[in-house]
Amino acid sequence: MPWYQVYDPLGNVWLSTISAALPVCLLFYLLAIRRTPAHWAAVYASLLCIALAAFEFHMPAGKIAGAAASGMVYGIVRIAWTLLAAVFVYELTVESGRFEVIKQSIGGVTRDRRLQALLIAFAFGSVLEGAGGGGSPVAICGAMMVGLGFEPIPASML
């Protein structure tokens, strides 16, 4: 039996929109204001989302379980794929000795830290983004900047 989503369950577009935004607002509140650990904030926001889906949008329990399972599998596969591809490219460059060549090349172009950061972010980071995607180049480019002599915290911010 198909289930058709009602986009305005409260009969008022503004109230329905605010209600649908509550899980995201709760997530931001828990992370930014209450400083709740991210995994607990995500659990609480998910539980609120499930409650809203069940009681406000009248979504069947099977559909809620299916949507939650699909989201978890997609998240796990996406994160695993990103990490696998990015770490593979990084390990390949390190094992082949090309990582040192890349560091020397970037370090040899200029001593200006700003230009080195741009070269790493836009040149090497683009290659890693193409290989792994999903933001994985941030960690590897940060490690590369530390290898060039950047302080760890400024490297992670850059």
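Residues numbered from 1 in each chain as written. Predicted model: local features only at pLDDT ≥ 70, side-chain atom pairs only at ≥ 80, totals over all residues. Heavy atoms only, no water.

**Student:** Before we go on, may I ask you to explain the overall build of the protein chain in this structure?
**Tutor:** Regarding its fold elements, the protein chain presents seven helices and zero strands. The helix and strand sequence of the protein chain, counted from the amino end, reads α-α-α-α-α-α-α. Compactness check: the protein chain gives a C-alpha radius of gyration of 22 Å against a globular reference of 15 Å for 158 residues, more than 25% above the reference. When the backbone C-alpha atoms are referred to their principal axes, the protein chain occupies close to 65 × 35 × 25 Å. Out of the 158 residues in the protein chain, the part that is buried amounts to 25%. A sequence separation of at least 24 residues applies to 53% of the contacts in the protein chain between residues at least 6 apart. Of the roughly 10800 Å² of accessible surface on the protein chain, a fraction of 72% belongs to carbon and sulfur atoms. (Helix = DSSP H or I, 4+ residues; strand = E, 2+ residues; numbered from the N terminus. Rg over C-alpha atoms; globule rule 2.2 N^0.38 Å. Buried < 20%, exposed > 50% of the residue type's maximum accessible area, 1.4 Å probe, protein only. Contact = heavy atoms within 4.5 Å. Areas by Shrake-Rupley, 256 points an atom, 1.4 Å probe, with all protein chains shown as cover.)

**Student:** Looking at this structure, I do not really get the nonpolar core. What am I missing?
**Tutor:** Buried together is how nonpolar side chains tend to be arranged in soluble globular proteins. Listed in full, the twelve residues of the largest apolar core are Phe99, Ile106, Ala117, Ile120, Phe124, Ile140, Cys141, Met144, Met145, Leu148, Phe150 and Ala155. Secondary-structure elements contributing two or more residues to this core are helix 4 (98–109), helix 5 (113–131) and helix 6 (137–147). The greatest single-element share of this core, amounting to four residues, is contributed by helix 6. In this view, Phe150 contacts Arg113, Gln116, Ala117, Met145, Ala155 and Leu158; residues no more than four positions away in its chain are not counted. (Core = buried A, V, L, I, M, F, W, Y, C linked by side-chain atoms within 4.5 Å.)

**Student:** Please explain the pattern of salt bridges as it appears in this structure.
**Tutor:** Using the criterion set out here, one finds one salt bridge in the structure. The partner of Arg114 in a salt bridge is Asp112, and the shortest N-O contact between them spans 3.0 Å. Among the residues examined, Asp112 registers a relative accessible area of 24% and is labelled partly exposed. (Salt bridge = Lys/Arg side-chain N within 4 Å of Asp/Glu carboxyl O.)

**Student:** When you look at helix 4 in this model, what are you seeing that I'm missing?
**Tutor:** Think of an α-helix as turning once every 3.6 residues; residues three or four places apart then point the same way. In this model, helix 4 (twelve residues) spans 16 Å end to end at C-alpha, consistent with the 16 Å of a helix rising 1.5 Å per residue. Those residues of helix 4 that fall on the buried side of the exposure criterion are Phe99, Lys103, Ile106 and Gly107. Along helix 4, the residues classed as buried sweep out an arc of 95° about the axis, all on the same side. Among the exposed residues of helix 4, those pointing more than 90 degrees away from its buried face are Arg98, Gln104, Gly108 and Val109. (Expected span 1.5 Å × (residues − 1). Arc of directions from axis to C-beta.)

**Student:** Just checking my understanding: could you explain the confidence of the model for the protein chain for this structure?
**Tutor:** Caution applies to low-pLDDT parts of the model: their predicted coordinates are not meant to be read in detail. Mean pLDDT over the protein chain works out to 82, with 92% of the residues at or above the 70 mark. Ranking the helices and strands of the protein chain by mean pLDDT puts helix 2 (residues 38–55) first, with 93, and helix 6 last, with 72. (pLDDT = per-residue confidence, 0-100.)

**Student:** I tried to follow the state of the cysteines on my own but got confused; where do I start?
**Tutor:** Each disulfide consists of one covalent bond between the sulfur atoms belonging to two cysteines. Here the structure, examined in full by the defined rule, presents zero disulfides. You can see Cys25 has no disulfide; the closest cysteine sulfur is in Cys49, sitting 12 Å from it. Cys49 sits in the partly exposed class, given a relative accessible area of 42%. (Disulfide = S-S within 2.5 Å.)

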